[in-house]
Amino acid sequence: MNDTIEYFIEDIEKFLKINEESTGEESLSLKKLLSVADKIKIFKNIDLLDLRAIVYDVKFKRYKLKDYIVEQGQLKKEIYFIIDGECQVLFNTTKIGTLRAGEAFGEAGAIFGTKRGATVICASKQATLLSFKIDEENIDFCAPAIATLYKNLAYEINTKLNALNTRAATKIVPLHPS
Amino acid sequence: MDYKIIEDEVYQFCEEYFEDIAILSGKNEAFTEDNGLYIPKENYTILVQFLQKNFKNFKILDPTFYSDTLDKLSKDLLQITQIHAEVLKRSQNIKEIFESNFLRESPTLTNFAKNIIDFTQLPDKTSDELSYFKQIQKDYIKLQEIFFNIFEEIFNDDKKHYLSTINNGINIKSYYFDKLLWQEVNLSLTITKHFSARKLTGKLNTQKYILFSSSIMRPYTQEYEYLQNCLKVFK
């Protein structure tokens, strides 16, 4: 077997400097995410310390008008929170909704690992979003937080289903009595 | 047959078989923990080929482009990826390893085989002795099967563990290689001017560079596909 390469203190210092620079960038976006956590429904009842442990790859993202943020059919892990601007939701090129500042999207696809159910594009001149991922591999340490997250997500999906059912029910024309 | 005896023999064999890898993976783990290195969640191992190739190219582009740390990372990655590939190759055929290596080294099985050989050399065997001999031959085959099942499980577990820790080491070092390489590139006036003349400006990194190079490449070639896979690290 070959000799192992020996790293000196100056090499390690370079690695640690990279760590500092990376965490520096992420800490600003993470701070922002934690400050708006109460507006993100899937984070309800999750302690901020636990939240810090289960989210990662937190980034600010800026989009221009008509930029694609999420594409229908893609398999991605990001969840988005709109800081400012507006987005349009499209299903098979048909507009089905608008998302505004303070709203989040992409949770179900990211957490269940399913393909994106719709396309989201930037509908304002400019939009600033926070994107982040959930670290489900940290489950040993953060199992209660992950469990709460899933419960919140199930609640959101149930709420949407109820809304859909209500809408569908109001469109059903009752049969005439014979 | 006491299964513990079988397991002990298999563990002993695997310990010797994977000894060099165990040392390397132990060193990698200790290196990461002792120095508080970042363990990326993304798979940076795919970038190794890209980083090594461009490290060489940048040194040609700018003869003063040099970093002791980058040199070490480059050599280290070359060694670890070679070792990973070697271990993967040599441990692929478990049946062959069991038959060619383990059978010769297992005390239980070699003693059993020796007894069978000794018995065959005895003259004037009675019919009872011959029936008994057939029975112990069948028992020997069954024992080999039991050994092989346990061997396969333990060997695969050990192999998976060691390959995974080495792969983790490759991932961590690739991450730092990537970050440091572009740090040095962005400090090189020669290299940045070279790219700026080709309309690639601003702070350079792997993602930007791949997007730039693949935009002027013929799509669906092997290289193009490889670079598209590299881009997934940053998505």
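Note that the coordinates shown come from a computational prediction; the quantities given were computed from them, not determined experimentally.

### Looking at the nonpolar core
Counting 71 residues, the largest nonpolar core has Phe15 of chain A together with Phe50, Phe151 and Leu181 of chain B as the members making the most contacts within it. When residues in this core are grouped by element, the largest group, 22 residues, is from helix H7 (residues 127-187) of chain B. Once residues lying within four places of it in the same chain are set aside, the contact partners of Phe50 of chain B are Trp182, Thr206, Tyr209, Ile210, Tyr226, Leu227 and Cys230 of chain B. Ranked by size, the runner-up nonpolar core spans 25 residues in total, among them Leu33, Leu51, Leu130 and Cys142 of chain A.

### Describing the packing of helix H1 (residues 3-17) of chain B against H7 of chain B
Two quantities define a packed helix pair, namely the angle between the axes and the distance from one axis to the other. Residue and element names in this part refer to chain B. Across the interface, H1 lies against H7 with an axial gap of 9 Å and an inter-helix angle of 40 degrees. Between H1 and H7, the interaxial angle falls into the category oblique. Read as a crossing pair, H1 and H7 show a hand that is right-handed. Facing Tyr3, Ile6, Glu7, Glu9, Val10, Tyr11, Phe13, Cys14 and Tyr17 of H1, the residues of H7 in contact are Ile146, Phe147, Ile150, Phe151, Ile154, Phe155 and Asp158. Counted by class, the contact of H1 with H7 contains 13 nonpolar, no polar and three charged residues.

### As for the side chain of Asp158 of chain B
Tracing the sequence through the fold places Asp158 of chain B in helix H7. With no salt bridge to any partner, buried Asp158 of chain B finds its closest opposite charge in Arg90 of chain B, at an N-O distance of 11 Å.

### Considerations on the interface of chain B and chain A
Each side of the interface is counted separately: chain B has 27 residues, and chain A has 24 residues. In total, about 2,200 Å² of surface goes out of reach between chain B and chain A, with carbon and sulfur atoms giving 60% of it. Scanning the region where chain B abuts chain A turns up one salt bridge. With a shortest N-O distance of 2.7 Å, Lys72 of chain B and Asp11 of chain A are connected by a salt bridge. Counting every contact that joins chain B to chain A gives seven residue pairs in polar contact (both at pLDDT 80 or more). Among the elements of the structure, helix H2 (19-34), helix H4 (68-90) and H7 of chain B are those that each provide at least two residues to the side of chain B that touches chain A. No other element matches the eight residues that H4 of chain B contributes to the side of chain B that touches chain A. For the side of chain B that touches chain A, a count of residues per class yields ten nonpolar, seven polar and ten charged.

The rules behind each value
Residues numbered from 1 in each chain as written. Chains lettered and ligands numbered in written order. Predicted model: local features only at pLDDT ≥ 70, side-chain atom pairs only at ≥ 80, totals over all residues. Heavy atoms only, no water. Core = buried A, V, L, I, M, F, W, Y, C linked by side-chain atoms within 4.5 Å. Buried < 20%, exposed > 50% of the residue type's maximum accessible area, 1.4 Å probe, protein only. Helix = DSSP H or I, 4+ residues; strand = E, 2+ residues; numbered from the N terminus. Contact = heavy atoms within 4.5 Å. Axes fitted to C-alpha atoms, helices over the stretch in contact; angles between N-to-C directions. Parallel < 35°, antiparallel > 145°, perpendicular 65-115°, else oblique. Left-handed = near helix turned anticlockwise from the far one by under 90°. Nonpolar A, V, L, I, M, F, W, Y, C, P; charged D, E, K, R; others polar. Lys, Arg positive; Asp, Glu negative; His and termini not counted. Salt bridge = Lys/Arg side-chain N within 4 Å of Asp/Glu carboxyl O. Buried area = accessible area lost by both parts, 1.4 Å probe. Polar contact = N/O pair within 3.5 Å; in protein donor to acceptor, adjacent residues only side chain to side chain.

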